[in-house]
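Structural overview for review
Each chain is listed here by its residues.
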Amino acid sequence: MSGMRKAAVVIAGLTLGSLEFTAFGVRASRAAPAAPTAPPSTAPATRPTEVVERFPDGSPRAKYGADAQGRRDGKYEEFFPGGKPRFRGAYAAGQKVGSWLTYEPGGRLVESVVFGRAGVEGPYAWTAADGSASFKATYAGGGLSGQATAADAKGKIVRTAVYPRPLAEIRKQWAALWPAELTAPKFLEEPAVGPPAYRAGKVAPESLEQALKVTRLYRYLSGVPWQNVVLSPSDTVEAQHGAVILQKIGSLTHTPAKPDGMDDAFFKLAYAGCHKGNIHQGQTHILSGIRGFMDDSDASNIAGIGHRRWILFPGLRRVGFGWSGGFMTMHVIDGSHDIPAFQYVAFPGEGYYPRQLVEPHYAWSVHLHPSRATVPDAGELKVRVVRLDDRLQPTGAEAAARVVSVLREPGQ
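Across its full length, the protein carries six helices and 21 strands. Scored against the burial criterion, the 412 residues of the protein give a buried share of 44%. In the protein, the proportion of contacts linking residues at least 24 apart, taken out of those at least 6 apart, comes to 56%. Total accessible area on the protein is roughly 21200 Å²; 53% of this is exposed by carbon and sulfur atoms.

With that out of the way, let us pick up the packing of aromatic side chains. Applying the stated rule across the entire model yields 15 aromatic pairs. On the basis of an interplanar angle of 15 degrees and a centroid distance of 5.4 Å, the ring pair of W174 and W178 is categorised as stacked. The interplanar angle of 90 degrees and the centroid separation of 5.9 Å between the aromatic rings of F347 and Y353 together place this pair among those described as edge-to-face. We classify F347 as buried; its relative accessible area is 1%. Three or more aromatic residues joined by ring pairs form one cluster here, namely Y64, Y76, Y91, W100 and F115. Cation over ring: R72 sits above Y64, and NZ or CZ is 4.7 Å from the ring centre. Taking NZ or CZ as reference, K96 lies 4.6 Å from the ring centre of W100, over its face.

Strand direction decides the pairing type here: strand β5 (residues 85–92) and strand β6 (residues 95–103), joined by five bridges, are antiparallel. Looking across to β6, one finds that Y91 is bridged to K96. Here β5 folds back onto β6 in antiparallel fashion, the turn holding two residues, of which A93 has a positive phi close to 55 degrees. Strand direction decides the pairing type here: β6 and strand β7 (residues 109–116), joined by six bridges, are antiparallel. The residue of β7 that forms the bridge with L101 is S112.

Cis geometry marks the peptide bond from G194 to P195, where omega comes out at -5 degrees. In this structure, P195 sits in the loop between β13 (187–189) and β14 (202–203). Cis rather than trans, the peptide bond between F347 and P348 has omega equal to -5 degrees. Along the chain, P348 falls in the loop between β19 (344–347) and β20 (364–368). At A93, a residue that is not glycine, the phi angle is positive and equals roughly 55 degrees. The residue A93 is located in the loop between β5 and β6 in this model.

How each quantity is defined
- Residues numbered from 1 in each chain as written.
- Predicted model: local features only at pLDDT ≥ 70, side-chain atom pairs only at ≥ 80, totals over all residues.
- Heavy atoms only, no water.
- Helix = DSSP H or I, 4+ residues; strand = E, 2+ residues; numbered from the N terminus.
- Buried < 20%, exposed > 50% of the residue type's maximum accessible area, 1.4 Å probe, protein only.
- Contact = heavy atoms within 4.5 Å.
- Areas by Shrake-Rupley, 256 points an atom, 1.4 Å probe, with all protein chains shown as cover.
- Phe/Tyr/Trp six-rings, centres within 6.5 Å; stacked < 30°, edge-to-face > 60°.
- Lys NZ or Arg CZ within 6 Å of the ring centre and 35° of its normal.
- Pairing = 2+ DSSP bridges.

The following block contains the structure:
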């Protein structure tokens, strides 16, 4: 179903080789047996042993303290041959802590990083040894957080990336919203495709809840309201009737004709389920249908990406799902006019994004608020795609990309 109330730019030709995505495969680990609890020590605390590592000529290569277990502890300094500093920082029980500074042989400070309990935490700054580029960012929650910028030799910002959701939070939501296993929908009552009798059937609550969670996950990752999207019983009834009529017809249509033997009341609900929603066929479970809507990159949908636009529509509040014989419906037109303020919505979303949710053939899209951006025609809009390293520095040639379409609301 198309007809989104936003402008959108659809970009194709991008592959996973163009930009890095973060994968969130969660592996179970077997913890080592807990160490026996030792009684409190009454011995006085010992000062770290001072260690000095030396170059062959006898000059110091590194200076640091070591605790009773031989772990680095306290102030740490490392030097280049000739005595200029290379690293300055501190250890606690063998782990880097606090501020660490890295220098190039000529004495220029090239990296400043802060270590916390979870690894790198806090402000981060890097400058190329030759001064040709620099990078500033903040780390939190296991990854980059907030705005990161890359600058040229004169300090002019040439590239900006935004990480609006901490990596630790994304992993948490992934675990909560994406199912451990994709399974066929369960039914409280099986549908029946007549004649002589048509029966809508009822998808089990756990299957509907799973579909709602995945919808929320996609919205969360693109930065649009997601926790307030709820499962509507009435919309689900319409969607379920719509799935049955599509199975009866054997093809997809938003405007089905009434089949023989179907009563008017059933047909009214079925028509609404098709006309007010996204429709899909050929999958074995509801979640694959939702992924198909977010794909939207086949020849018949890529220019409009209407299914994706409805799922990511900032004003969406109510959804419903139906399933029958491989036909799936998702009720998405809830009549909402309460649209929150936004500038744009991207797919894939800004920052870290699960690799499992993006396929190489997917078109990328940016959905712009029509009153906040003036977008040129597709032929005039240029898009550059370059692989970047973890400091936003280009690491290869531009990837092939083309603008498929620019969609506008009437009057724009």
